[in-house]
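# Structure at a glance
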Amino acid sequence: MANNSENVNVMRGDVSGYAYWAPLGTDYTPEMVKTRTVPTGFLPLGYITSDGIVNSRSADSDAAQDLNGTTVKNVKTGYEETFQQVFMERTPDTLKLNFGAANVSTDATTNVQTVKHNSGFNDTGFMILYRFVSGETDTEFEFTDLLVRNGNVKEVGDITYAGTALYQLDATVSALPDSDGDNAVEYSATVAKATPAP
């Protein structure tokens, strides 16, 4: 069969956790996509708005032309990949991702939290892990983990302070090349559903 509707799916966020972040170099093993184990050191980033996680990929190239103006080769000059999302929860971790880890602190004595607004919001890189349910049948789930090993906040969006609007944190993460030259890696696995008890 040339066309198969079973291969047409949405990428639902895994309700056990949509996104996690961790310091650069934190260990992740691909088998975790099957067990849904949260890797040690990865911290949850909570709810993400219904607009989802937008993965933008762009490549630049220059056209090499011959003397007649005919393009004979496209020479790649650049590649960029980003992930944009709006975090709905105001937690120490979403604040640190959006404002910079060094700009968010809580005094151990007074328990007063300080969030500094400045240009150092993207001074520190991090890893980010997105978790999806990428397919489902009567008997199986397909899970997908999308891992950015070398992330950095590229852009931040507007924050609305009002009694009639949610406080939300809009962040666009640049997926920079890791030591293997990959901007991001997807791991997917099919797992049998648990059999209901009789």
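Our structure is the block above this text.
Everything in this summary refers to the structure shown in the same document. (Residues numbered from 1 in each chain as written. Predicted model: local features only at pLDDT ≥ 70, side-chain atom pairs only at ≥ 80, totals over all residues. Heavy atoms only, no water.)

Each helix and strand in the protein chain was counted, giving two helices and 11 strands. Ordered by position from the N terminus, the helices and strands of the protein chain form the series β-β-α-β-β-β-α-β-β-β-β-β-β. Per-residue burial for the protein chain yields a buried fraction of 32% across its 198 residues. Of all intrachain contacts in the protein chain linking residues separated by at least 6 positions in sequence, the fraction that spans at least 24 positions is 64%. Within the structure as shown, the protein chain displays about 12,300 Å² of accessible surface, and the carbon and sulfur contribution to it stands at 49%. Separation of charge centres in the protein chain, based on 13 positive and 26 negative side chains, amounts to 3 Å. (Helix = DSSP H or I, 4+ residues; strand = E, 2+ residues; numbered from the N terminus. Buried < 20%, exposed > 50% of the residue type's maximum accessible area, 1.4 Å probe, protein only. Contact = heavy atoms within 4.5 Å. Areas by Shrake-Rupley, 256 points an atom, 1.4 Å probe, with all protein chains shown as cover. Lys, Arg positive; Asp, Glu negative; His and termini not counted. Charge placed at Lys NZ, Arg CZ, Asp CG, Glu CD.)

This model, assessed by the stated rule, comprises six aromatic pairs. With centroids separated by 5.6 Å and ring planes inclined at 70°, the aromatic side chains of Tyr161 and Tyr167 adopt a geometry described as edge-to-face. What makes Tyr167 buried here is its relative accessible area of 18%. The side chain of Arg90 reaches across the aromatic face of Tyr167, ending 5.1 Å from its centre. (Phe/Tyr/Trp six-rings, centres within 6.5 Å; stacked < 30°, edge-to-face > 60°. Lys NZ or Arg CZ within 6 Å of the ring centre and 35° of its normal.)

Per the stated rule, a full pass over the model turns up six salt bridges. In this structure, the salt-bridge partner of Glu136 is Arg12, at a minimum N-O distance of 2.8 Å. One end of the pair, Glu136, is in strand S8 (residues 126-136); the other, Arg12, is in strand S1 (residues 12-13), and 124 residues separate them in sequence. Among the ionic contacts, a cluster of salt bridges with common partners joins Asp14, Arg36, Arg131 and Asp145. (Salt bridge = Lys/Arg side-chain N within 4 Å of Asp/Glu carboxyl O.)

Right, let's get into the side chain of Thr49. Considering the arrangement of structural elements, one finds Thr49 in the loop between strand S3 (43-44) and strand S4 (54-65). Once residues within four sequence positions are removed from consideration, Thr49 is found in contact with Val86, Met88 and Gln168.

The buried fraction of strand S10 (residues 169-175) is high, at six of seven residues. Pairing between strand S5 (residues 71-87) and S10: six bridges, direction antiparallel. Looking at S10, one finds that Phe83 is bridged to Val173. (Pairing = 2+ DSSP bridges.)

The subject of this paragraph is helix H2 (residues 92-99). Among the eight residues of H2, six are classified as buried, and the element is accordingly described as predominantly covered. Considered for burial, the residues of H2 that qualify are Asp93, Thr94, Leu95, Leu97, Asn98 and Phe99. One or two positions beyond H2, positive phi appears at Gly100, with a value near 105°.

The subject of this paragraph is the nonpolar core. Nonpolar side chains tend to gather and get buried jointly when the protein is soluble and globular. Residues Leu45, Phe87, Leu97, Phe126, Ile128 and Tyr130 are the most contacted members of the largest nonpolar core, which totals 22 residues. Elements with a contribution of two residues or more to this core: strand S2 (19-22), S5, H2, S8, strand S9 (140-156) and S10. Discounting residues that sit within four places of it in the chain, Phe87 has contacts with Leu45, Tyr47, Ile48, Thr94, Leu97, Gln168, Leu169 and Ala171. If you look at the next biggest cluster of nonpolar residues, it comprises 13 residues, including Tyr20, Tyr28, Tyr187 and Ala189. (Core = buried A, V, L, I, M, F, W, Y, C linked by side-chain atoms within 4.5 Å.)

Let us look at the environment of Leu146. Its place among the elements puts Leu146 in strand S9. Expressed as a C-alpha distance, the spacing of Leu146 and Ala19, which sit 127 residues apart in the sequence, is 9.4 Å. Dropping the residues within four chain positions of it, Leu146 is found in contact with Phe83, Ile128, Leu129, Tyr130, Phe132, Ala184, Val185 and Glu186.

All right, on to unusual backbone geometry then. For Arg36, which is not glycine, the phi torsion reads 60° and is therefore positive. With respect to the helices, strands and loops of the structure, Arg36 is situated in the loop between helix H1 (32-35) and S3. Positive phi values are uncommon outside glycine, yet Asn111 reaches one of about 60°. Following the sequence through the fold, Asn111 ends up in the loop between strand S6 (104-106) and strand S7 (113-115). Asn111 gets classed as exposed once you look at its relative accessible area, which sits at 62%.

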